[in-house]
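Observations on the model geometry
Residue strings, one per chain:
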2 protein chains.
Amino acid sequence: MPSISIRDVAMRAGVSVGTVSNVLNRPNLVAEATRERVRAAIGELGFVRNESARQLRQGRSRTFGVVLESLANPYFTDLARGAEAAMNTDGFDAVWCTSDGSAAKERRCLDFLEEQRVSGVIITPVGLDAERIAELHDRGLSVVVLDRRTYSSVCSTRVDHVAGGEIAIDHLLGRRHRRLAIVTGPLLQEPIKDRYAGATAAARRAGLTEQDLVTLVRNDMTPTAGKEAAQRLLEVDALPTGVFCANDLLAIGLVNELLRAGVKVPGEISVIGYDDIELAGTSVVPLTTVRQPRHELGWTAAALAVAEAGASGDHEHRQVVLSPSLVVREST
Amino acid sequence: MPSISIRDVAMRAGVSVGTVSNVLNRPNLVAEATRERVRAAIGELGFVRNESARQLRQGRSRTFGVVLESLANPYFTDLARGAEAAMNTDGFDAVWCTSDGSAAKERRCLDFLEEQRVSGVIITPVGLDAERIAELHDRGLSVVVLDRRTYSSVCSTRVDHVAGGEIAIDHLLGRRHRRLAIVTGPLLQEPIKDRYAGATAAARRAGLTEQDLVTLVRNDMTPTAGKEAAQRLLEVDALPTGVFCANDLLAIGLVNELLRAGVKVPGEISVIGYDDIELAGTSVVPLTTVRQPRHELGWTAAALAVAEAGASGDHEHRQVVLSPSLVVREST
DNA sequence: AGCCTAGCTTGAAACGATTCACGATCTTTG
DNA sequence: CAAAGATCGTGAATCGTTTCAAGCTAGGCT
């Protein structure tokens, strides 16, 4: 019951604590016979290293914190997997926190992670100003910002959502659609704003006028919100023939509701989503969408974080931009 | 850069380290003036408590580990939220790990958590025998098993999936369906097996024969697997008129594929799912399903874990069983 | 024999917080 | 006015690791 410590192991194996520690951390320094004796003792006693003590001594832990907005969107799951995979290959662990889009909760997550003395943080900032980021940095944490343009003084990795928005609209335009609608989420979120910016830019470039381009802004980006958007759309006089939804969940809710209302997709309305989550491919009408390299995004973020944490002194911050791509299915 | 410690704060405020610690942990023991002086010093220096040191001294951390099979299913998100909420109200934190259904990864998660000296573990065991559970227990961890019947020597909380399976089939039978199909996932997973057991029991009880009840076992429980199941079903001579899918993702994939094939739902085939994830309500054909009280499940698990961790000596293990309920929508 | 070297092992000093028995002051009371 | 509480603060011991200078041994070299 009283936790087994390295000291107990040392006693059992008839060596000093220093030697046990060496077996654990630099086994090559220890003679074969001793090493085996210590390992045996560890096994017999069921010793488990106390990370708290290790961290205390080393000043920093072997884990990184990842602060995401939510885990509700399958999008994040892949990202998380990518990040975790990259961490693990370098012998680090990842710990997940969610801010639920609230600045207060985000702050709590960061406090928690700071108290844990994590090596670094990967974060999609919600209420985080550059100042607080710099502060984290000064405390010796490596910081990687996910999917945000506006933090230039740290490493970051993101998808080029402006390009993504353009791809979507260009695709619709390429299919001869001239009356378009954009269903988007909260424009305060940078990636969402960018998709919207890219989309409108592409539309304008093609000479579309204000009334050829309806915009619906929703607070959520859930299937339910998509459903409501469809209902709203159906109230409009002239139905658009092409719709770009800022994510797949919105698109799925929207398509489903349109179908329920008897509108043919893609017959009467073409719909394109964003993300390429698994469900996109298995909807009633498999969804054309803009794919984000989510796994790669997570992987890159983790790699950057690890690199910075390992760098001694001269570290150069990098901003890695990944490109989205078009996945054509049946909804357009 | 050299992390600010309690000692620096003490120096700055002109008090001893003991006093600073008291301000942090039992502020009522400290005179108002001193308390404020210390708080000011903390603020000015940007002191952040080092959890490693605290844990080392206290022998145990204020966090619990939660080991889930995956985060890919939205089902887990709610569960996680419920658990986190309960933890937070009691001043604890939760740390998430995923086993991805692999015993090896599960072991790694547990090692990680043990090294962190978490107060306890909430887990849906994958490759975990009662022995290892007991071992964790002996080491002073509180253990709560999620959604498994077979561990009687620890606290656990689960949904009565046998009842859930019965509810589903009884509902179909109630709608006069006599030729049924069950699409299920890996029967090695206890909850899945239970749903199946409940379903077949209900069918047998109603006098259905072998050939009135087709069973399709899939390895995954994803929309893609549901889609494949639909294709398989369409190859069968006599199409069943009612289908029970062991989760909503399967059901959604299946319904979508049926619709694509021109089969009317619920006109020709009725489908009932399991879980009641958000998507169930927003499908083309809103899905009838068996709802699990996920949030409550998470909450209960956390509450049990906290209770056990707080209990001194005489703790009685409890098994809490929650009931699923029927949500009727349009797919039946 | 005497000296080096290489290879192992040792043991004590951190790391930063918490705890607790014990002082130091200040009030109250008989 | 002395004794007895009350109220606050103190500082050393402690938790379990890692680290590192120093010690020991055995063997090789001159």
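Everything numeric here is computed off the predicted structure, so don't read it as measured data.

Cut-off values and rules
Residues numbered from 1 in each chain as written. Chains lettered and ligands numbered in written order. Predicted model: local features only at pLDDT ≥ 70, side-chain atom pairs only at ≥ 80, totals over all residues. Heavy atoms only, no water. Pairing = 2+ DSSP bridges. Helix = DSSP H or I, 4+ residues; strand = E, 2+ residues; numbered from the N terminus. Axes fitted to C-alpha atoms, helices over the stretch in contact; angles between N-to-C directions. Expected span 1.5 Å × (residues − 1). Buried < 20%, exposed > 50% of the residue type's maximum accessible area, 1.4 Å probe, protein only. Right-handed = clockwise from strand over helix to strand, strands pointing away. Near = heavy atom within 4 Å. Polar contact = N/O pair within 3.5 Å; in protein donor to acceptor, adjacent residues only side chain to side chain. Nonpolar A, V, L, I, M, F, W, Y, C, P; charged D, E, K, R; others polar. Phe/Tyr/Trp six-rings, centres within 6.5 Å; stacked < 30°, edge-to-face > 60°. Core = buried A, V, L, I, M, F, W, Y, C linked by side-chain atoms within 4.5 Å. Contact = heavy atoms within 4.5 Å. Least-squares fit on C-alpha atoms with pLDDT ≥ 70 in both. Salt bridge = Lys/Arg side-chain N within 4 Å of Asp/Glu carboxyl O.

Whether parallel or antiparallel, the strands of a sheet pair through hydrogen bonds between backbone atoms. Residues and elements named next belong to chain A. Within the open sheet, the six strands sit side by side as β7-β6-β8-β9-β10-β12. Their pairing is mixed. Each edge of the open sheet is held by one strand with a lone partner, namely β7 (213-217) and β12 (325-327). With strand direction ignored, the average angle separating the axes of adjacent strands in the sheet is 20°. Pairing of strand β6 (residues 180-184) with strand β8 (residues 242-245), which is carried by four bridges, proceeds in the parallel orientation. Directly across from V183, in β8, lies its bridge partner C245.

For the rest of this paragraph, the subject is helix α6 (residues 103-115) of chain B. In this model α6(B) runs 18 Å from its N-terminal to its C-terminal C-alpha over 13 residues, within 8% of the 18 Å that 1.5 Å per residue would give. Positioned one or two residues after α6(B), R117(B) has a phi angle of 55°, which is positive.

This part is about the pairing of strand β3 (residues 120-123) of chain B. All names here are of chain B. Both faces of β3 are covered, namely the face carrying G120 and I122 and the face carrying V121 and I123. One ladder, built from four bridges, connects strand β1 (residues 63-68) with β3; its direction is parallel. Note that in β3 the partner of F64 across the bridge is G120. Judged from the four bridges that link them, β3 and strand β4 (residues 142-146) form a sheet pairing that is parallel. Across the sheet, I122 pairs through a bridge with V144, a residue of β4. Once you follow β3 into helix α7 (residues 130-138) and on to β4, the crossover reads as right-handed.

Now for the protein's contact with DNA strand D. Around DNA strand D lies a shell of 24 residues, among which I6(A), R54(A), R57(A), S16(B) and T34(B) are the nearest. A share of 69% is what sugar and phosphate atoms reach among the atoms of DNA strand D within 4 Å of the protein. R54(A) is positioned with one of its side-chain polar atoms (N or O) 2.7 Å from a phosphate oxygen of DNA strand D. The separation between a base oxygen of DNA strand D and a polar side-chain atom of R57(B) is 2.9 Å. Listing elements by their share of the surface near DNA strand D, those giving two or more residues are α1 (6-13), α2 (17-25) and α4 (51-58) of chain A together with α2 (17-25) and α4 (51-58) of chain B. With four residues, the single largest contributor to the surface near DNA strand D is α4(A). Residues of the surface near DNA strand D, tallied by class, amount to eight nonpolar, ten polar and six charged.

A word on the packing of aromatic side chains. Residues and elements named next belong to chain B. Tallying each qualifying case throughout the model produces four aromatic pairs over all chains. Ring geometry for F64 and F92: centres 5.2 Å apart, planes at 65°, overall edge-to-face. A residue pair is termed long-range when its members are at least 10 positions apart, and F64 in strand β1 and F92 in the loop between α5 (74-89) and β2 (93-98) qualify at 28 residues. Pair check on accessibility: F64 and F92 agree, each one buried.

I122(A), I169(A), F244(A), I122(B), I169(B) and F244(B) are the most contacted members of the largest nonpolar core, which totals 84 residues. Beyond its immediate stretch of four places on either side in the chain, I169(A) contacts L180(A), I182(A), A199(A), A202(A), A203(A) and F244(A). Counting 58 residues, the second-largest nonpolar core is a separate cluster that includes A181(A), A225(A), L250(A) and M221(B).

Turning to helix α11 (residues 248-260) of chain A, a few remarks are in order. Residues and elements named next belong to chain A. Helix length check: α11, at 13 residues, gives a terminal C-alpha distance of 18 Å against a target of 18 Å (1.5 Å per residue), a fit within 8%. In terms of burial, α11 is largely enclosed, as eleven of its 13 residues are buried. Of all the positions in α11, only D248, L249, L250, A251, I252, G253, L254, V255, N256, E257 and L258 are classed as buried. Capping the start of α11, N247 holds a side-chain oxygen 3.2 Å from the backbone nitrogen of L249, two or three residues further along.

Of the transformation placing chain A onto chain B, the axial shift is 0.0 Å and the rotation is 180°, giving an RMSD of 0.1 Å. Seen this way, the second copy is the image of the first under a two-fold rotation axis. Across chain A, the smallest distance between a C-alpha and the rotation axis is recorded for S52(A), namely 2.2 Å. Here 100% of the contact residues of chain A are again contact residues in chain B; the copies associate through an equivalent surface.

A few words now on the environment of D194(A). Its location among the elements puts D194(A) in helix α9 (residues 190-205). Apart from the residues lying within four places of it in its own chain, the contact partners of D194(A) are R149(A), H161(A) and V162(A).

Right, let's talk about the protein's contact with DNA strand C for a bit. Of all residues adjacent to DNA strand C, which total 23 residues, the nearest are T19(A), T34(A), I6(B), R54(B) and R57(B). Sugar and phosphate atoms represent 70% of those atoms of DNA strand C found within 4 Å of the protein. A53(B) has a polar backbone atom sitting 3.4 Å from a base nitrogen of DNA strand C. Listed by contribution, the elements that provide at least two residues to the surface near DNA strand C are α2 and α4 of chain A together with α2 and α4 of chain B. A per-element tally of the surface near DNA strand C places α4(B) first, with five residues. A class-by-class count of the residues in the surface near DNA strand C yields eight nonpolar, ten polar and five charged.

Inspection of the entire model under this criterion finds 46 salt bridges over all chains. In this structure, the salt-bridge partner of R12(A) is E44(A), at a minimum N-O distance of 2.6 Å. Remark: E44(A) occurs in helix α3 (residues 32-45) and R12(A) occurs in helix α1; sequence separation between them is 32 residues. Between R62(B) and E51(B) there is a salt bridge; the shortest N-O distance is 3.0 Å. In this pair, R62(B) sits in the loop between α4 and β1 while E51(B) sits in helix α4, placing the two residues eleven residues apart along the sequence. For E51(B), a relative accessible area of 2% corresponds to the buried category. One continuous salt-bridge network, built from bridges that share partners, spans E51(A), R54(A), R62(A), D93(A) and R108(B).

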